[in-house]
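What follows is the residue order along each chain.
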Amino acid sequence: MHLHPFGYPILSTHRRLLQHAWQQDRALFGYCFLYTLAAAFYPFLAVLVPRYLLAELTRPEGARIQALLVILVVFFSLSSVLGFVQHIIRGHCKYRFTLLRLNYTGDLCHKLMTIDYQYMENAHFWDQYDQCFRAVQSNDSGIEGNYSKMFEAPAQIITILILVLLIGSLSPILLLGLLLHLSVSFLVQQRSLRYTFERREEIGHQYRRQNYYANTSSDFSYGKDIRLYHLADRILAHFSMAIQGYTQIIRQIENRKLLFSLAALCTLLLSDALTYGILSLQVWQQQITIADYSMYVSAALSLTSVATLFLTSLATFVQEGQYIHDFFRLSDASLTAARGNHPAFRSGTLRVEFRDVSFRYPGTDRDVIRHLNLTIEPGERLAIVGINGAGKSTLVKLMIGLFDPTEGQVLINGVPTTEFSREALWAMFSVVFQDIHVMAFSLRENVTCQTGEPDDNRVVAALTAAGLEEKLSSLPKGLDQTMLKIIDPEGTEFSGGESQKLAIARALYKDGRMVIMDEPTSALDALAEKDIYQRSVSYTH
């Protein structure tokens, strides 16, 4: 067991980020070098210029106008050049950091679409990993935020070191006071962020609750029910409770931060007293001039400012690394069970056998199905009837391998489903589920689903078999018509029945060895339902 002072392997986590940046965009490291040169020395202009101006203005023989102009011109010239270089490089690299984050976002999307389906219905899985999505959700936090902090850190470190040497050469006590305050501030920041991370599962759970009610209130698909059944008050009441639960956690976190910050306030007062007291004493003793006083005060303020920024960024960097580590942990986790490599049956219909099958959903102790024995012979058309919650949809999930039986076996042509890869198993079935999902793609893409060259003749035939030939002829762009309006304002919204027909067309186009329909015509009238089944049977023969 490895013990890590920050609760996770901070060095290997960020080394992985740097390796990814080196592989994807090596130019970033060159830009970082140039940025460091400009940003490291920019703060010293504010430290040195007042000192030279005051030295010139307090000359016994009087200030020289020409010397003052030279100081001001040099200051504004250097300030403009260094500031411009920082701004240009920082802005140019920002979109590069975004691209690096989006690469990881794509990896996460692929992971979630390929892990075993059982995790998608597992609330504990989402409680455990929900906050790791924070690593890729924002420009200012997570992966992109830490890339930015690593980019800026070398310049900040160089500035801090030079200021430490400057102040330490005058008064070690003054330096110790500043460092004490900065150290306490860092520990306060780090502990506050650590406490927030420790409560991430509670935060994630409450956030999902309030997010659900917020999305429900703005999702037009709920609009009719909300109005007809006066659900608005009920939704708002639950939304209010979710917000209260979320804000209660945030309030507790902020109260803890407030207590921590009192220690930092005390050290700040001590540091300021030492700074002004020691410098004033040295002026009174004529050990330094007023111009030097100005320079050292500016240096102390600059050190406090730059170091506070650096240490605050460091504390955030360390804590955001926790979410990045969780992200990598999810990326690396083996969430796909080992299966066999038996090839899919590509011809003929299938014989499906449930042999003494029992099943309970992960994390529960109640069997949904118990000791079921059922055989579906090749070519047989079978209707399974039962009350709601009897397990009919669960049978479908077991048959196509979304879940594996807790006990017993499901066999396809005598071969256990666990002997097939997921892809081989899914290739044999065309399934229409109860919950229909129309994608914001073209009508053609909604039917064919997979990438590659589509067969428009088969697409039209599948739509016709599903009873959508008239709808197809009414669409201005035909098969190229975009579905839904969320992406294309001119997209088409299908009715509930039409969406079910589209799902049937999708299943028919796939041409699996067995077609499974889980209440696919619940939104259709009896005549339309009969017509669909007749068309589907004719299409599959």
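Please read these numbers as outputs of a predicted model, since none were measured by experiment. (Residues numbered from 1 in each chain as written. Predicted model: local features only at pLDDT ≥ 70, side-chain atom pairs only at ≥ 80, totals over all residues. Heavy atoms only, no water.)

Colleague: Teacher, can you tell me more about the overall build of the protein chain here?
Modeller: Helix and strand counts for the protein chain come out as 17 helices and six strands. Relative to the globule expectation of 24 Å for 541 residues, the C-alpha radius of gyration of the protein chain, 33 Å, shows a markedly less compact shape. Projecting the C-alpha coordinates of the protein chain onto the three principal axes gives extents of approximately 110 × 55 × 50 Å. Residue burial in the protein chain is summarised as follows: out of 541 residues, 43% are buried. Put simply, the protein chain shows about 29700 Å² of open surface, and 60% of that area lies on carbon and sulfur atoms. The positive charge centre, built from 48 side chains, and the negative charge centre, built from 51, are 4 Å apart in the protein chain. (Helix = DSSP H or I, 4+ residues; strand = E, 2+ residues; numbered from the N terminus. Rg over C-alpha atoms; globule rule 2.2 N^0.38 Å. Buried < 20%, exposed > 50% of the residue type's maximum accessible area, 1.4 Å probe, protein only. Areas by Shrake-Rupley, 256 points an atom, 1.4 Å probe, with all protein chains shown as cover. Lys, Arg positive; Asp, Glu negative; His and termini not counted. Charge placed at Lys NZ, Arg CZ, Asp CG, Glu CD.)

Colleague: Even after reading the chapter, I still don't get the packing of helix H9 (residues 232-284) against helix H10 (residues 290-332), so can you show me in this structure?
Modeller: Across the interface, H9 lies against H10 with an axial gap of 10 Å and an inter-helix angle of 165°. The pairing of H9 with H10 is recorded here as roughly antiparallel in orientation. Considering how the two elements wind past one another, H9 and H10 form a crossing that is right-handed. Side by side, H9 and H10 meet where Thr275, Tyr276, Leu279, Ser280 and Val283 of the first sit next to Ile290, Tyr293, Tyr296, Val297, Ala300 and Leu301 of the second. Counted by class, the contact of H9 with H10 contains nine nonpolar, two polar and no charged residues. (Axes fitted to C-alpha atoms, helices over the stretch in contact; angles between N-to-C directions. Parallel < 35°, antiparallel > 145°, perpendicular 65-115°, else oblique. Left-handed = near helix turned anticlockwise from the far one by under 90°. Contact = heavy atoms within 4.5 Å. Nonpolar A, V, L, I, M, F, W, Y, C, P; charged D, E, K, R; others polar.)

Colleague: I keep staring at the packing of aromatic side chains and nothing clicks. Help me out?
Modeller: Applying the stated criterion to the full structure yields 14 aromatic pairs. Taking the centre distance of 5.8 Å and the plane angle of 90° together, the rings of tyrosine 104 and phenylalanine 327 count as edge-to-face. With tyrosine 104 in helix H3 (residues 65-114) and phenylalanine 327 in helix H10, this pair connects stretches of sequence that are 223 residues apart. Judged by relative accessible area, phenylalanine 327 falls into the buried class, the value being 1%. Seen from their ring centres, tyrosine 361 and phenylalanine 403 are 5.3 Å apart, and the 90° between their planes marks the pair as edge-to-face. Taken as a pair, tyrosine 361 in the loop between strand S1 (352-359) and strand S2 (369-376) and phenylalanine 403 in the loop between helix H11 (392-399) and strand S3 (407-412) lie far apart in primary sequence, 42 residues in all. We classify phenylalanine 403 as buried; its relative accessible area is 4%. (Phe/Tyr/Trp six-rings, centres within 6.5 Å; stacked < 30°, edge-to-face > 60°.)

Colleague: What exactly am I supposed to notice about the environment of aspartate 272 here?
Modeller: Structurally, aspartate 272 is set in helix H9. The partly exposed category is assigned to aspartate 272, whose relative accessible area is 33%. For the pair formed by aspartate 272 and leucine 301, sequence separation is 29 residues and the distance between their alpha carbons is 9.3 Å.

Colleague: Please clarify how the pattern of salt bridges should be interpreted in this entry.
Modeller: Here the structure, examined in full by the defined rule, presents 18 salt bridges. Note that aspartate 116 is salt-bridged to arginine 422, the shortest N-O span being 3.4 Å. Pair noted here: aspartate 116 is in the loop between H3 and helix H4 (123-129) and arginine 422 is in helix H12 (residues 422-427), with a separation of 306 residues, a long-range link. Per residue, the accessibility class of aspartate 116 equals that of arginine 422, and both read buried. Put simply, lysine 471 and glutamate 498 hold a salt bridge, and the shortest N to O gap is 3.7 Å. Of the two residues, lysine 471 sits in helix H15 (residues 469-474) while glutamate 498 sits in helix H16 (residues 496-510), which places them 27 residues apart along the sequence. Lysine 471 sits in the partly exposed class, given a relative accessible area of 22%. One network of salt bridges, with partners in common, ties together Arg351, Glu353, Arg355 and Glu377. (Salt bridge = Lys/Arg side-chain N within 4 Å of Asp/Glu carboxyl O.)

Colleague: I'm lost on the sheet that holds strand S4 (residues 415-416) in this one. Help?
Modeller: Hydrogen bonds along the backbone pair up the strands of a sheet, which may run parallel or antiparallel. Judged by pairing direction, the sheet is antiparallel, and its four strands sit side by side in the order S2-S1-S3-S4 without closing on themselves. If you trace the sheet from one side to the other, it starts and ends with S2 and S4, each paired once. Alignment of S1 against S2, held across five bridges, turns out to be antiparallel. In the sheet register, valine 357 faces S2, and the bridge partner there is leucine 372. Across the sheet, H11 is in contact with S1, S2 and S3; its angle to S1 comes to roughly 115°. (Pairing = 2+ DSSP bridges.)

Colleague: Help me understand the side chain of serine 358, please; the structure alone is not making it clear to me.
Modeller: Mapped onto the elements of the fold, serine 358 is located in strand S1. The class of serine 358 is buried, set by a relative accessible area of 2%. Of the polar contacts made by the side chain of serine 358, one reaches the backbone nitrogen of histidine 371; its length is 2.9 Å. Among residues more than four places away in sequence, those in contact with serine 358 are Ile369, Arg370, His371, Pro405, Thr406 and Glu407. (Polar contact = N/O pair within 3.5 Å; in protein donor to acceptor, adjacent residues only side chain to side chain.)

Colleague: How should the nonpolar core be read in this particular structure?
Modeller: Generally speaking, a soluble globular protein has its nonpolar side chains buried in company with each other. With 37 residues, the main nonpolar core has Leu17, Tyr104, Ile143, Tyr147, Phe327 and Leu330 as its most contacted residues. Counting residues per element, the ones that place at least two in this core are helix H1 (10-24), helix H2 (27-57), H3, H4, helix H5 (142-170) and H10. For this core, the element with the most residues is H3, which contributes seven residues. Setting aside residues up to four positions removed in sequence, leucine 17 forms contacts with Tyr104, Ile143, Asn146, Tyr147, Met150, Ile324 and Phe328. In terms of nonpolar packing, the next biggest core, distinct from the first, is built from 28 residues, Val164, Ala299, Phe310 and Ala315 among them. (Core = buried A, V, L, I, M, F, W, Y, C linked by side-chain atoms within 4.5 Å.)

Colleague: Which parts of the structure should I look at to understand unusual backbone geometry?
Modeller: Across the chain, the bulk of peptide bonds are trans and the bulk of non-glycine residues have phi less than zero. Unusually for a residue other than glycine, histidine 371 sits at a positive phi of about 50°. Within the secondary structure, histidine 371 sits in strand S2. A relative accessible area of 46% means that histidine 371 is categorised as partly exposed.

Colleague: So what exactly am I meant to see when it comes to the side chain of lysine 397 here?
Modeller: Following the sequence through the fold, lysine 397 ends up in helix H11. In contact with lysine 397, other than residues within four places in its own chain, are Glu121, Tyr361, Leu402 and Phe403.

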